[in-house]
Amino acid sequence: MNSEKYIRWDNVFYGRKWVKEVVKTIQTKDVLQATYFKRYLLRAMMAGFIISIIAVFVLAIKAGFVQEVHTGEINTGIINIVGSVAFSFALVLILFTNSELLTSNFMYFTVGLYYKVISPWRAFQIFMLCFIGNMLGALAFFIILRFSDVVTPEMMKQLEVLLHHKTMTADFTQILAKAIFANFFINISLVIAMQIEDILAKMFVMMFGVAIFAFMGYEHVVYNACLFIGGAIYQSDVLHFWPAVINIIAAFIGNYIGGGLIIGLFYAYLNDHKQFKNEL
């Protein structure tokens, strides 16, 4: 009878397998950060490095269409969807290289907090270290890039449009709301991808969630911070310190709500079957 209850529960929700997989991931990250601090930091740096590479790739795509847009040959919506799909490559690269991205950790560690396998202070420490690592990765990338001629004047114009939009055209509440949606789409894609064995199917699911948030212009704290670092390295005139800080704070909170609470806490509660909770 008990096994039948487990089967029914796992058919309705994700069940023990999903919870144990998330908890195992949390425990691995916790041990890695505590025992191999430098290696964890390097994994986080790689995530920031990858996001920055893809962000510049998207700038190049959009800049390449500037002339066609001016002549009216290509609709800006088409450019945006191409750029959004291109940006979705970032999540695939990050996950399959086992890099540490702050916004996906929001979901994982909120599940861990719900099941009390990690303390709030410990989770916060890992969040901060992961974010610092993401930023150091972006800083390393843009410092190296600065010595090249990759960033053209057209790409710089595209970057400054983004910087101005993210710091000067939206208030704290608007950024917060858009940040909630951004990490909702990222983490709902991760939850679905965890149920899929086929690699190509996993990649597709992860890509469409990111493509949606990128096309809609939602706010992602790591992506935004990478852009700000790029703007600082290239000495952009449109980048201002306090508006950028406000954006980071609002996006950080919103991303946690969208990925940590709406996805992480929601699915932790749905899968909280008392009959196997003590097995964790």
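Residues numbered from 1 in each chain as written. Predicted model: local features only at pLDDT ≥ 70, side-chain atom pairs only at ≥ 80, totals over all residues. Heavy atoms only, no water.

K.L.:
Tell me about the packing of helix H7 (residues 102-114) against helix H13 (residues 241-270), residues and numbers included.
P.N.:
Between H7 and H13, the least distance of the axes is 8 Å, while the angle of their chain directions is 40 degrees. As judged from the angle between their axes, H7 and H13 are oblique. In this structure, H7 meets H13 at a crossing whose hand is right-handed. Between H7, through Leu102, Thr103, Phe106, Met107, Thr110, Val111, Leu113 and Tyr114, and H13, the contact on the second element is made entirely by Phe252, Asn255, Tyr256, Gly259, Gly260, Leu261, Ile263, Gly264, Leu265, Ala268 and Tyr269. Classifying every residue of the contact of H7 with H13 gives 13 nonpolar, six polar and no charged. (Axes fitted to C-alpha atoms, helices over the stretch in contact; angles between N-to-C directions. Helix = DSSP H or I, 4+ residues; strand = E, 2+ residues; numbered from the N terminus. Parallel < 35°, antiparallel > 145°, perpendicular 65-115°, else oblique. Left-handed = near helix turned anticlockwise from the far one by under 90°. Contact = heavy atoms within 4.5 Å. Nonpolar A, V, L, I, M, F, W, Y, C, P; charged D, E, K, R; others polar.)

K.L.:
Can you lay out the environment of Ser189 for me, pointing to particular residues and giving the numbers?
P.N.:
As for its placement among the helices and strands, Ser189 is situated in helix H10 (residues 172-193). Looking at Ser189, the relative accessible area reads 1%, which means it is buried. Between the C-alpha atom of Ser189 and that of Met207, which follows or precedes it by 18 residues, the distance is 8.1 Å. Excluding its chain neighbours within four sequence positions, the residues that come into contact with Ser189 are Val205, Met206 and Gly209. A polar contact is formed between the side chain of Ser189 and the backbone oxygen of Val205, at a distance of 3.4 Å. (Buried < 20%, exposed > 50% of the residue type's maximum accessible area, 1.4 Å probe, protein only. Polar contact = N/O pair within 3.5 Å; in protein donor to acceptor, adjacent residues only side chain to side chain.)

K.L.:
Kindly report on the pattern of salt bridges, identifying the contributing residues and their values.
P.N.:
Evaluated as defined, the whole model comprises five salt bridges. The shortest N-O distance in the salt bridge between Arg122 and Asp30 comes to 2.6 Å. Pair noted here: Arg122 is in helix H8 (residues 120-146) and Asp30 is in helix H2 (residues 15-35), with a separation of 92 residues, a long-range link. For Arg122, a relative accessible area of 17% gives the class buried. Here Glu100 and Arg43 are joined by a salt bridge, their closest N and O atoms 2.5 Å apart. Taken together, the residues Glu100 in the loop between helix H6 (89-96) and H7 and Arg43 in helix H3 (residues 37-64) connect sequence positions 57 residues apart. Via salt bridges that share partners, Lys29, Arg43 and Glu100 belong to a single interconnected network. (Salt bridge = Lys/Arg side-chain N within 4 Å of Asp/Glu carboxyl O.)

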